[in-house]
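Residues per chain are reported as follows:
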Amino acid sequence: MKTQLPEIPHNFLPGQYADTNGLTINHNYLPQQFSGCRAIFARFEKLVQNADYTLGKSVDEFEDRIRMLTSSPYALGVGSGTDALSLSLKAAGIGPGDEVITTPYTFFATIGAIVTTGAMPVFADIGEDYNIDPEQIEKAVTSRTKAILPVHWAGLPCRMDAIMEISERRNLVVVEDACHAICANYKGKAAGTFGLTGCFSMHPLKNLNVWGDGGFVLTASREMHDKLALLRNHGLLNRNECAIWAGNSRLDTLQAIVANHLLGKIESITESRIANAARYDRQLSGIPQLRIPTRPENTRQVYHLYVIRAESRDALQQFLINRGIDAKVHYPIPMHLQPAAESFGYRRGYFPVCEAVCDSVLSLPVHEFITDEQINYVAAQIEEFYAGS
Amino acid sequence: MQEVKFVDLGKQYLSLRDEILACFDAISRRGAYILSEELDRFENRFADYCGTRFALGVASGSDALHLSLLALGIGPGDEVITVPNSFIATAWVIARTGARPVFVDVGDDMNIDPDLIEPAITEKTRAILPVHFTGRPVRMDVIEEISRARNLYIIEDAAQAVGARWRGRRTGSLGHCAGFSLHPLKNLHVHGDGGVITTDDPALYETLLKYRNHGLANRDECEFWGVNSRLDAIQAGIAEIKLKYLDEWNARYREIAAIYSERLADYVEVPRDRVEEEPTYHRYMIRQPDRDRLQSFLAENGIETKVNYPVPLHLHPAASQLGYKAGDFPVAERLAETILSLPLYPELEEQQIDYVTGKIVEYSKKHSLKAPLQAAGILS
């Protein structure tokens, strides 16, 4: 019999501007929730009056604050996390004939960014932590390999010391896909600051988000910064001189205003996600049909997603959805088995860990407005599912 | 002294403030920021407006052209014919596909000279990319003939020409597909970067629909590796609101342009409309050999003007590998030295218009400057 359901959306964005009020989260705003938007609107209006739309003051402010947050020498706002990756690869000189080693367990954009440059993605299997396995990277290196593109999946940093060691020994560029990993760190160093660049998304579903598409790149290299600055803005050295044929990929000033507003809250957002994950861990660790996410030492993982592995995953997902819980699969089909990857020549069985992960993962809502009661409720439903099966 | 800014976007915003804030509010309440109902609605209305079957919102005007070229399969080894007097994006959208931009000179209307296209065609030519510069539609008849005879795509660069008409047809419907910009300085603009593609070709539309969104066939399946180039819901909502007023605004652009031309024609070369066309006057450009000094004089008097653009595309450092040199495109090069864009937007007040024209007349009389063609009786 169906219990009384609190509705738990997976990533309920308006809630970012809201205090959740008890168990029921719905699409109504309370007056105080609306006031958060008003503050942003006031800044929008100032922007419009000043017509400071293109790489305006708020973008500068955002880049300064991101540099401080991550202790990165340079930061550049761009049009999206996807563009952060493709521009980084282009700025690093990656192009046709080159190979870039990455994980088959990622979002499509990681691969799209590589293909956009003309280079070939080469996959290396992942470990039980869902991240690329450094030992598998080593095996995938060929004479054409130019770069490693590790993805800090779900907000857990990859084993960057091992990856950086390979990169130095084999003379390979590292471009970090840190789209899930704002405020994550590995041995005290921010995710996104190990490689030549670190690439971040501010898509509406990210821990730090804007109201549309947006992203940024971190780098410690002045040369990369200067190249990226050209690549995001038509290759223009100044208003009238174009140095290279580039592109247009800028973080809208309007979106930088939203990001600046949320940057003030990013530590508390991160902390509440970590706390929610810890509560899930405690509640779920006794269920034998589940595996909770790994917790490597010396690593701060920020739980953009809380990803468990579950027996009878599809049935469990449906059961949870029926109970009002927005459980999702990120993602059911690995990159090497996508229709788009056909020409790469991979088959099922090439990356067994990744394939097993894709068949069994389930993401539970972990965002900052989920309450303890809601987590308890989710855990209780999972227990009930396995008790009945 | 008065101050006449080159653009004054704040005024337009104030007239639409309630509508725009309500739109932000509605989107924020729903929390649907990507590929939303606002975008669907705007795309439908924009396609209706242009008279095309499809319209597709993307991240910028440059992307609109770049993705169109990629989706048509244009790449390394191909050539695309375009003009050297345009914004830099017109060239890089071609070059970044791996194809080669091939420039041909423009005519007195600042648009591609149709007679020069045929000699520039080689066996590698795949497309013609005419630019409706300043918002004046390109004379399409010759180009359409060439395109049919030589089997070439026409991709309109309509970044400056939203709402313009040529023989009654809107820009965006004059070629195989078109790219529009919604950049804040355009006649129809959003509050950041944005662009639109229009086309009648269902196959191209289907490809672009996926290509702009990572090549996804659905949430979990990627049909081909794509990019991320989407018009944000917030920007689509703003564009949808503003599209309702576009014809009204464009009419005012033309009205002010007519006043400028009437008062200035004896002193500088002014743009001239053909009967068959309805331009948008995204830019109102006069021509004056003494341009730099005139520009300084106007600046000293509080009038902001611009040169769009002082360096033709073939003479940028980025174009060095294309092998062009100064002198290759004499009309475009001469334009770069003589053109000056005056402030022109619907919110410009009568007294500001009087002031701008008054100052140009004052300067011209002081230096005995006359419009050479008009003075010689070649143009009336």
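Source: prediction; values computed, not measured.

**Q** Please explain the overall build of chain B as it appears in this structure.
**A** Helix and strand content of chain B: 13 helices and twelve strands. What you see for chain B is a C-alpha radius of gyration of 21 Å, in line with the 21 Å of a compact globule of 380 residues. Relative to its 380 residues, chain B shows a buried fraction of 53%. Considering only contacts within chain B whose residues lie at least 6 apart along the sequence, 71% involve residues at least 24 apart.

**Q** Explain the nonpolar core to me, please; I cannot follow it from the model alone.
**A** Within soluble globular proteins, side chains that are nonpolar tend to cluster in buried spots. L89, A147 and V175 of chain A together with I197 of chain B are the most contacted members of the largest nonpolar core, which totals 233 residues. Beyond its immediate chain neighbours, meaning those up to four positions away, I197 of chain B contacts A55, L56, V58, A64, L67, S68, C177, A178, G179 and L208 of chain B.

**Q** Quick question: what am I supposed to make of the packing of helix 2 (residues 37-50) of chain B against helix 8 (residues 233-243) of chain B here?
**A** Helix-helix packing is characterised by the crossing angle of the two axes and by the distance between the axes. All names here are of chain B. The geometry of helix 2 relative to helix 8 is characterised by a closest axis approach of 8 Å and an angle of 40 degrees between their N-to-C directions. Along this stretch, helix 2 crosses helix 8, giving a crossing that reads as left-handed. Residues E38, L39, R41, F42, R45, F46 and Y49 of helix 2 touch helix 8, and the partners they reach there are A233, A236, G237, A239, E240 and L243. Each residue belonging to the contact of helix 2 with helix 8 can be placed in one class, and the counts come to eight nonpolar, one polar and four charged.

**Q** Explanation requested: the interface of chain A and chain B in the structure shown.
**A** For an interface, size is often stated in terms of accessible area lost upon the parts coming together. Across the boundary between the two partners, chain A contributes 49 residues, which contact 48 residues of chain B. Elements supplying a minimum of two residues to the side of chain A that touches chain B: helix 1 (31-50), helix 3 (81-91), helix 4 (108-116), strand 11 (241-242) and helix 8 (253-263) of chain A. Class assignment for the residues of the side of chain A that touches chain B results in 27 nonpolar, 17 polar and five charged.

**Q** Looking at this structure, I do not really get the sheet that holds strand 4 (residues 145-149) of chain A. What am I missing?
**A** Whether parallel or antiparallel, the strands of a sheet pair through hydrogen bonds between backbone atoms. Residue and element names in this part refer to chain A. Taking strand neighbours across the sheet as the criterion, the seven strands line up as 1-9-8-5-4-2-3 in an open arrangement whose pairing is mixed. Across the chains shown, the open sheet's two edge strands, defined by having one partner strand only, are strand 1 (74-78) and strand 3 (120-123). Mean inter-strand twist for the sheet, computed between neighbouring axes without regard to direction, equals 25 degrees. Along the sheet, helix 2 (residues 57-70) makes contact with strand 1 and strand 9 (215-219), crossing strand 1 at roughly 135 degrees.

**Q** How should I be thinking about the confidence of the model for chain B in this particular structure?
**A** The predicted structure's coordinates, where accompanied by low pLDDT, should not be read in detail. With 98% of its residues at a pLDDT of 70 or more, chain B shows a mean pLDDT of 95. Interface predicted TM-score (ipTM) for the complex: 0.91; the corresponding pTM is 0.92.

**Q** For this particular structure, what's the right way to read the pairing of strand 1 of chain A?
**A** Put simply, side chains in a regular strand alternate between the two faces of the sheet. Residue and element names in this part refer to chain A. Burial analysis of strand 1 places four of its five residues in the buried class, the great majority of the element. As defined by bridge partners, strand 1 adjoins strand 9 across five bridges and the pair is classed as antiparallel. Among the inter-strand pairings, G77 is bridged to a residue of strand 9, identified as F216.

**Q** How should I be thinking about the sheet that holds strand 10 (residues 277-278) of chain B in this particular structure?
**A** All names here are of chain B. Read across the sheet, three strands follow the order 7-6-10 without closing on themselves; strand pairing throughout is antiparallel. One side of each edge strand has no neighbouring strand; the edge strands of this open sheet are strand 7 (169-170) and strand 10. Two elements, strand 6 (residues 165-166) and strand 7, share two bridges in a ladder whose sense is antiparallel. Bridge pairing links W166 to R169 in strand 7.

**Q** It is not clear to me how helix 4 of chain A should be interpreted in this structure. Could you clarify?
**A** Residues and elements named next belong to chain A. Of all nine residues making up helix 4, nine are buried, and the element is well covered by its neighbours. Every buried residue belonging to helix 4 is among F108, A109, T110, I111, G112, A113, I114, V115 and T116, and all of these are buried. Among the structural elements, helix 3, strand 2 (99-102), strand 3, strand 4 and strand 5 (173-177) are those in contact with the buried residues of helix 4. Positive phi shows up at G118, right after helix 4, with a value of about 95 degrees.

**Q** Would you take a moment to explain the environment of C183 of chain A for this structure?
**A** Residues and elements named next belong to chain A. If you trace the backbone, C183 turns up in the loop between strand 5 and strand 6 (185-186). Accessibility expressed as a C-beta count within 10 Å gives 22 for C183, which makes it buried. Here the alpha-carbon distance between C183 and I266, two residues 83 residues apart in the chain, equals 8.1 Å. Residues in contact with C183, not counting those within four places in the same chain, are I266, T270 and V302.

**Q** I'm lost on helix 9 (residues 246-264) of chain B in this one. Help?
**A** Turn by turn, an α-helix covers 3.6 residues, leaving residues three or four places apart pointing in a common direction. Residue and element names in this part refer to chain B. Over its 19 residues, helix 9 extends 27 Å from the first C-alpha to the last, a length consistent with the 27 Å expected when each residue adds 1.5 Å. Of all the positions in helix 9, only N250, Y253, I256, A257, Y260 and L264 are classed as buried. For helix 9, the angular spread of the buried residues around the axis is 125 degrees, confining them to a single face. Exposed residues on helix 9 whose side chains face more than 90 degrees from its buried face are D247, E248 and E262. On its buried face, helix 9 sits against strand 11 (284-287), strand 12 (339-342) and helix 12 (350-366).

**Q** So what exactly am I meant to see when it comes to the environment of A220 of chain A here?
**A** Note that A220 of chain A resides in the loop between strand 9 and helix 7 (222-232). Between the alpha carbons of A220 of chain A and Q318 of chain A there is a distance of 46 Å; along the sequence they are 98 residues apart.

**Q** What's the story with the pairing of strand 3 of chain A in this structure? I'm lost.
**A** Residue and element names in this part refer to chain A. The sheet contact formed by strand 2 and strand 3 spans four bridges and is parallel. What sits directly across from V100, in strand 3, is P121. For the crossover that starts at strand 2, traverses helix 4 and ends in the parallel strand 3, the hand is right-handed.

**Q** Quick question: what am I supposed to make of unusual backbone geometry here?
**A** Along the chain, H330 of chain A connects to Y331 of chain A via a cis peptide bond; the corresponding omega equals -10 degrees. With an omega of 10 degrees, the peptide bond running from N308 of chain B to Y309 of chain B counts as cis. In this structure, Y309 of chain B sits in the loop between helix 10 (291-300) and helix 11 (330-338). The phi angle at N298 of chain A is positive, at roughly 60 degrees, despite the residue not being glycine. For N298 of chain A, the location among the structural elements is in the loop between strand 12 (290-291) and strand 13 (299-300). Here the phi dihedral of Y303 of chain A falls at roughly 50 degrees; this positive angle occurs in a residue that is not glycine.

**Q** I would appreciate a short explanation of the confidence of the model for chain A in the present structure.
**A** Residues and elements named next belong to chain A. Taken as a whole, chain A shows an average pLDDT of 90; of its residues, 90% reach a score of 70 or greater. Here residues 1-6 scores under 50 on pLDDT; set against residues more than four positions off or in separate chains, the count is seven contacts. Low pLDDT, under 50, characterises residues 11-35; the predicted model gives this stretch 42 contacts beyond four residues in sequence or across chains.

Reading the values: rules and limits
Counting restarts for each chain: residues are numbered from 1 in the order of the written sequence. Written order decides the labels, with chains lettered from A and ligands numbered from 1. Owing to the predicted nature of the model, reporting of local features is limited to residues with pLDDT of at least 70; listing and counting of side-chain atom pairs is limited to 80 or more, with chain, interface and lining totals taken over all residues. The numbering of helices and of strands both runs from the N terminus, where a helix is a DSSP run of H or I of at least 4 residues and a strand a run of E of at least 2. The globule rule is 2.2 Å times the number of residues to the power 0.38, and the radius of gyration it is compared with is taken over C-alpha atoms. Residues are called buried when their C-beta atom has 20 or more other C-beta atoms within 10 Å, exposed when it has 12 or fewer, and partly exposed otherwise; all C-beta atoms are positioned from the backbone. Two residues qualify as a contact pair if the distance between their C-beta atoms, derived from the backbone, is within 7 Å. To define a nonpolar core, we join buried Ala, Val, Leu, Ile, Met, Phe, Trp, Tyr and Cys residues through C-beta atoms within 7 Å and take the resulting set. Where helices are involved, their axes are fitted lines through C-alpha atoms of the stretch in contact, as for all axes, and angles between N-to-C directions lie from 0 to 180°. Handedness of a helix crossing follows the sense of rotation of the near helix relative to the far helix, less than a right angle counterclockwise being left-handed and clockwise being right-handed. When residues are grouped by polarity, Ala, Val, Leu, Ile, Met, Phe, Trp, Tyr, Cys and Pro land in nonpolar, Asp, Glu, Lys and Arg in charged, and all others, Gly among them, in polar. Think of it this way: DSSP has to see at least two bridges between two strands before they count as a pair. Per-residue confidence from the predictor is reported as pLDDT, which spans 0 to 100. A helix is expected to span 1.5 Å for every residue after the first. The directions considered for the arc run from the helix axis to the C-beta atoms. Look down the strands so they point away from you; if going from the first strand over the helix to the second traces a clockwise path, that crossover is right-handed.

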